[in-house]
Amino acid sequence: MKGVARRLLMIAVGAAFILCISMMTSPSYTEAASTLKIRINKQQNCVTIYKLDDKGKYKPYKAMVCSVGSATPLGNFSLKEKIRWHTLEGPVYGQYCTRITGHILFHSVWYYENGNPATLSNAQYNRLGSVASHGCVRLSVRDAKWIYTYCPSGTPVEIYNSKDPGPLGKPDAIKLPGGTGWDPTDDTNPANPYNKKKPSIKLVKGSKNILQSHFTIRRLANTEKGTLIFNVLKKNK
């Protein structure tokens, strides 16, 4: 009887393994992974997301400012597991982590306390857009969460060097005051004080004898409720 039970257990384990493999290689899984592609420009600290269009071609879809490190490897990889909060070197802690290869992850800028989003290192946040990590790819919470949420395991990732940031350019990084605090792009957390600020518009006068029919919008706090500054150049009469 013990032999029969052992054989039945082995058959059940084998069937479960085959089922897992078939689910991961099923059209729905592979198609989801193949509709997006990620390119990381190590030289420019810029991430560009590409999305497959109706004609079967990858088109630039979204750009993110990031911080890589000298140990960030070049090459082609595919995304692996997701980790909501993860212990990083220090020890410090990151949100919305997605493994690229080995110990190289996408993750938020680090926090002093595990699970506490009010303990962000503002000094490290202000280094977004420059080389700052031990090899991982640091992002704002908004961008790390986007990859965590929308880029499934198996999504292809290319890390390369180029003087050209990418087809969508390199987004400006937000700068924060010193100390610790919140990531202003963490816009789904009701405790984030940045989410309680009301939108405001500030007009800045331009130089004499300059007339510009359009204005430039720069989003300072990259949230839907973020503060906007409009630079309007008007003719000074």
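Here the structure is a predicted model, which is why all the values come from computation and not from measurement.

S.K.: Break down the overall build of the protein for me, citing the residues and quoting the values.
M.R.: Each helix and strand counted, the protein has four helices and 14 strands in total. Within the span of the protein, comprising 237 residues, buried residues form 37% of the whole. By sequence separation, contacts in the protein at least 24 residues apart represent 62% of the contacts at least 6 residues apart. Here the protein has roughly 13,700 Å² of accessible surface; of this, 58% comes from carbon and sulfur atoms.

S.K.: Quick one: what's the story with the state of the cysteines, residue by residue and with numbers?
M.R.: Tallied over the full model, the rule gives zero disulfides. For the unlinked cysteine cysteine 46, the closest cysteine sulfur is that of cysteine 66, found at 6.7 Å.

S.K.: Can you explain the packing of aromatic side chains? Please cite residues and give values.
M.R.: Taken as a whole, this structure holds five aromatic pairs when the rule is applied. When the ring of tyrosine 61 is compared with that of tryptophan 146, the centres are 6.1 Å apart and the planes differ by 40°; the resulting orientation is tilted. Residue tyrosine 61 is located in strand β3 (residues 58-65), and its partner tryptophan 146 is located in helix α4 (residues 141-150); the two are separated by 85 residues in the primary sequence. Look at tyrosine 61 and you get partly exposed, because its relative accessible area is 45%.

S.K.: An account of the side chain of threonine 155 is needed here, citing residue identities and associated values.
M.R.: Looking at the element boundaries, threonine 155 is found in the loop between α4 and β10 (156-160). Classification of threonine 155 as buried rests on a relative accessible area of 0%. Only 2.7 Å separates the side chain of threonine 155 from the backbone oxygen of proline 152, close enough to count as a polar contact.

S.K.: Explain the environment of serine 130 to me, and be specific about the residues and the numbers.
M.R.: Within the secondary structure, serine 130 sits in the loop between α3 (122-125) and β9 (137-139). According to the relative accessible area criterion, serine 130 is partly exposed, its value standing at 30%. Filtering out sequence-adjacent residues up to four positions away, serine 130 remains in contact with Asn45, Cys66, Ser67 and Val68. Engagement of the side chain of serine 130 in a polar contact is seen with the backbone oxygen of arginine 127, the distance being 2.6 Å.

S.K.: Break down the environment of isoleucine 38 for me, citing the residues and quoting the values.
M.R.: By the secondary structure assignment, isoleucine 38 is in strand β1 (residues 36-41). Considering only alpha carbons, one finds isoleucine 38 and lysine 62, 24 residues apart in sequence, at a separation of 9.6 Å.

S.K.: Residues and numbers for the pairing of strand β5 (residues 82-88), please.
M.R.: Sheet topology note: the β5/strand β6 (residues 92-101) ladder contains six bridges and is antiparallel. Counterpart to histidine 86 in the pairing with β6 is glycine 94. Counted along the chain from β5 to the antiparallel partner β6, the turn is three residues long, and its residue glycine 90 has a positive phi close to 150°.

S.K.: Which residues make up the pattern of salt bridges, and what values do they have?
M.R.: Counted according to the given criterion, the structure contains three salt bridges. One salt bridge in this structure joins glutamate 158 and arginine 39, with 2.9 Å as the shortest N-O distance. A residue pair is termed long-range when its members are at least 10 positions apart, and glutamate 158 in strand β10 and arginine 39 in strand β1 qualify at 119 residues. Note that aspartate 143 is salt-bridged to arginine 142, the shortest N-O span being 3.3 Å. We classify aspartate 143 as buried; its relative accessible area is 3%.

What counts and what doesn't
- Residues numbered from 1 in each chain as written.
- Predicted model: local features only at pLDDT ≥ 70, side-chain atom pairs only at ≥ 80, totals over all residues.
- Heavy atoms only, no water.
- Helix = DSSP H or I, 4+ residues; strand = E, 2+ residues; numbered from the N terminus.
- Buried < 20%, exposed > 50% of the residue type's maximum accessible area, 1.4 Å probe, protein only.
- Contact = heavy atoms within 4.5 Å.
- Areas by Shrake-Rupley, 256 points an atom, 1.4 Å probe, with all protein chains shown as cover.
- Disulfide = S-S within 2.5 Å.
- Phe/Tyr/Trp six-rings, centres within 6.5 Å; stacked < 30°, edge-to-face > 60°.
- Polar contact = N/O pair within 3.5 Å; in protein donor to acceptor, adjacent residues only side chain to side chain.
- Pairing = 2+ DSSP bridges.
- Salt bridge = Lys/Arg side-chain N within 4 Å of Asp/Glu carboxyl O.

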